[in-house]
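One letter stands for each residue in the lines below.
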Amino acid sequence: MLRQIEGSRAIADAVALCRPEVICAYPISPQTHIVEALGETVKSGALSPCEFINVESEFAAMSVAIGASAAGARAYTATASQGLLYMVEAMFNASGLGLPIVMTVANRAIGAPINIWNDHSDAMSQRDCGWIQLFAETNQEAIDLHIQAFRLGEELSLPVMVCVDGFILTHAYERLDVPAPEQVDAWLPAYEPRQVLDPKEPVSIGAMVGPEAFAEVRYLAHAKQMQALEMIPRQAAGFHSAFGRDSGGLVRAYRTEDAETIVVALGSVLGTIKDTVDEMRDAGHRIGVLGIISFRPFPLAEVRRILQDAKRVVVIEKSLAVGIGGIVSANVRMALSGVQLHGYTVIAGLGGRPITRRSLHKLFRDAERDDLEPLTFLDLDWGIINRELARMKQKRRSGPIAENILRDVGVIAARVA
């Protein structure tokens with residue numbers, strides 16, 4: 001059914017259509033509207049049977065989700081940024097125990113300094129914790145990926161993280177197709193856990209494992225992710241047959257067939273990149289886009305297949321591995337091992353900085369001339385950077401960097417004593 005609706009509300013409605021039995025969350029921007037809407041749905045009786053559990057922290061939210069899932073309930077939670085970091089220990093437990101929890105991560109920058117705007121630092125920090133990670137380009141895809149996530153996670157007995165760009169998608173109002181309950185009921189089977197805590201058949205889970213078996217346990221976790229590489233495309237095909245939309249899958253290529261330059265990215269920035277590519281195509285440039293939907297497991301073979309005939313690859317990523325540079329690009333380089341082409345990493349959009357078509361046009365033209373540094377920071381203000389570096393060189397007690405920069409750009413909050 002087509003509705004004019006906020007992204008967060010649409011995600012909440014999609015989750016409710018999957019009939020979770022336990023929802024637990026601690027509010028943190030920009031995911032708060034999602035769990036608020038789910039709380040209202042549970043309270044009204046529209047989602048029943050379901051228990052909404054108010055918890056005191058994000059660590060508690062994941063812990064409750066683990067307990068609920070281990071007891072045989074379909075469990076869901078949501079978080080962002082520092083909240084995701086707060087639940088890290090429990091995140092590893094959820095994947096290590098093979099519990100098919102679904103979680104929305106409304107992507108937001110990590111402090112310090114405090115920043116509530118969007119980038120991918122939070123999800124990237126947990127890329128290797130054993131969860132499947134799916135990135136939505138649009139709110140329509142966010143709806144569809146959540147429905148697929150429950151089925152995918154439960155078939156594999158693995159937790160799934162659906163990453164949705166904070167504010168850019170979560171707070172955007174647009175026309176979206178929210179499926180009817182009977183459509184989702186027909187496509188998503190009732191939850192049948194592979195393992196369950198049952199007083200009638202008592203077992204232990206999460207037992208101590210020593211050196212004699214720990215490597216084997218970890219390998220089997222990896223093997224499940226490799227199974228997901230095969231299952232995710234099948235799920236997307238099945239979803240298309242049932243709902244009539246191409247949504248999900250491992251990657252999505254756009255105008256790459258004859259492209260000499262291919263841009264790789266994740267999330268909502270793909271829309272701006274595609275618009276820029278369309279404009280450059282109209283001007284005769286051979287450029288295309290590869291959007292990565294499944295970041296974990298990472299689709300090495302698919303990425304290699306699409307990129308190997310290009311002359312150059314530009315990876316735009318909204319996160320920074322301090323001290324080395326790119327995160328997504330490291331995975332792309334692994335996919336292209338042995339392939340000779342020019343590769344560039346571009347860090348962009350950190351802390352919500354706009355990524356504009358104007359900046360992208362210049363970036364892509366520079367790339368076509370192979371006139372980019374291997375690591376480039378898009379729209380960085382070098383005047384601010386150089387002033388702070390000079391200040392640090394001149395004076396040992398130069399003060400906190402963030403506050404110094406805010407004073408330099410004239411932000412009043414930095415001057416509060």
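One can find the structure itself at the top, above this paragraph.
Residue numbers run consecutively from 1 along every chain, following the written order of its sequence. Restriction of local features to residues with pLDDT of at least 70 applies here, the model being predicted, together with a cutoff of 80 or more for giving and counting side-chain atom pairs; totals for whole chains, interfaces and linings are based on all residues. The basis for every side-chain value is the complete set of non-hydrogen atoms in the structure, without hydrogens or water.

Going from S29 to P30, the amide bond is cis rather than trans, its omega being 5°. If you check the backbone angles, S157 has positive phi at about 60° while not being a glycine. Helix and strand assignments come from DSSP, with helices taken as H or I runs of at least 4 residues and strands as E runs of at least 2, each series counted from the N terminus. For S157, the location among the structural elements is in the loop between α7 (139–156) and β7 (160–165).

So, about the side chain of E141. Note on placement: E141 falls in helix α7. Here a polar contact means two N or O atoms within 3.5 Å. Within protein one must be a hydrogen donor candidate and the other an acceptor candidate, and residues neighboring in sequence count only if both atoms are side-chain atoms. At 3.0 Å, the side chain of E141 forms a polar contact with the side chain of R252. The residues touching E141, leaving out its near neighbours within four places in the chain, are F135, A136, S247, G248, R252 and I293. Contact criterion: two residues are considered in contact whenever any of their non-hydrogen atoms come within 4.5 Å of each other.

In this section: the nonpolar core. Throughout, nonpolar core names a set of buried Ala, Val, Leu, Ile, Met, Phe, Trp, Tyr and Cys residues whose side chains join them through atoms within 4.5 Å. Residue burial is assigned from relative accessible area. The probe radius is 1.4 Å, only protein chains are included, and a residue is buried under 20% of its type maximum, exposed over 50%, and partly exposed in between. In terms of nonpolar packing, the biggest core is built from 100 residues, with M62, Y76, L307 and V332 touching the most fellow members. Tallying contributions element by element places α7 first for this core, with eight residues. Residues V263, V277, Y344 and L360 belong to the second largest nonpolar core, which totals 21 residues.

Here we take up the packing of aromatic side chains. For any two aromatic rings, the description comes down to two numbers: the centre-to-centre distance and the angle of the planes. Centres within 6.5 Å make a pair out of two Phe, Tyr or Trp rings, where for Trp the six-membered ring is used; the pair is then stacked when the planes are under 30 degrees apart, edge-to-face when over 60, and tilted otherwise. Considering all chains together, one arrives at five aromatic pairs under this definition. Between F135 and F295, the aromatic rings sit 6.4 Å apart at their centres with planes inclined by 85°, giving edge-to-face as the arrangement. Of this pair, F135 sits in strand β6 (residues 132–135) while F295 sits in strand β12 (residues 294–296), and the two are 160 residues apart along the sequence. Given the relative accessible area of 1%, F135 is considered buried. A relative accessible area of 0% means that F295 is categorised as buried.

Now for the state of the cysteines. A pair of sulfur atoms, both from cysteines and within 2.5 Å, is called a disulfide here. Applying the stated criterion across every chain, the model contains zero disulfides. Looking at C18, it has no disulfide partner, and the nearest cysteine sulfur is the one in C50, 12 Å off. The thiol of C50 is unpaired, and the distance to the nearest cysteine sulfur, on C24, comes to 9.6 Å.

In this section: the layout of surface pockets. Here a cavity denotes a set of grid points, spaced 1 Å apart and computed over the protein atoms alone, in which a 1.4 Å probe fits but from which it cannot get out, and a pocket denotes an open set meeting protein on both sides within 12 Å along at least five of seven lines; residues with an atom within 4 Å of a point are reported as lining. Grid points are joined across faces, edges and corners, and a volume is the space filled by probe spheres set on the points. Put simply, the largest pocket is a space of about 1400 Å³. Around the largest pocket sit 33 residues that line it, and P113, L350, R353, L380 and I405 are the ones nearest its centre. Breaking the lining of the largest pocket down by element, the ones donating at least two residues are α14 (382–394) and α15 (401–409). Take the lining of the largest pocket: its biggest share by element is six residues, from α15. Charged means Asp, Glu, Lys or Arg here, nonpolar means Ala, Val, Leu, Ile, Met, Phe, Trp, Tyr, Cys or Pro, and polar covers whatever is left, Gly included. When its residues are assigned to classes, the lining of the largest pocket shows 23 nonpolar, five polar and five charged.

Let's shift gears to the environment of N107. Looking at the element boundaries, N107 is found in strand β5 (residues 102–107). Classification of N107 as buried rests on a relative accessible area of 0%. Each C-alpha atom of the pair N107 and T79 lies 8.6 Å from the other, and the pair is 28 residues apart in sequence. The residues touching N107, leaving out its near neighbours within four places in the chain, are P30, N118, D119, H120, D122, A123, F135, C163, V164, D165 and G166.

Pairing is mixed in the open sheet, where seven strands are placed in the order β3-β2-β4-β5-β7-β6-β12. The outermost strands of the open sheet, each flanked by one partner alone, are β3 (51–54) and β12. Ignoring which end each strand starts from, the neighbouring axes of this sheet average 20° apart. Two strands pair when backbone bridges link them, and β6 and β12 are joined in this way by two bridges, in the antiparallel orientation. Residue pairing across strands places Q133 opposite R296, the latter belonging to β12. When DSSP locates at least two bridges between a pair of strands, those strands are taken to pair. Note on definitions: angles span 0 to 180 degrees between N-to-C directions of axes, and those axes are lines fitted to C-alpha atoms, for helices only across the stretch in contact.

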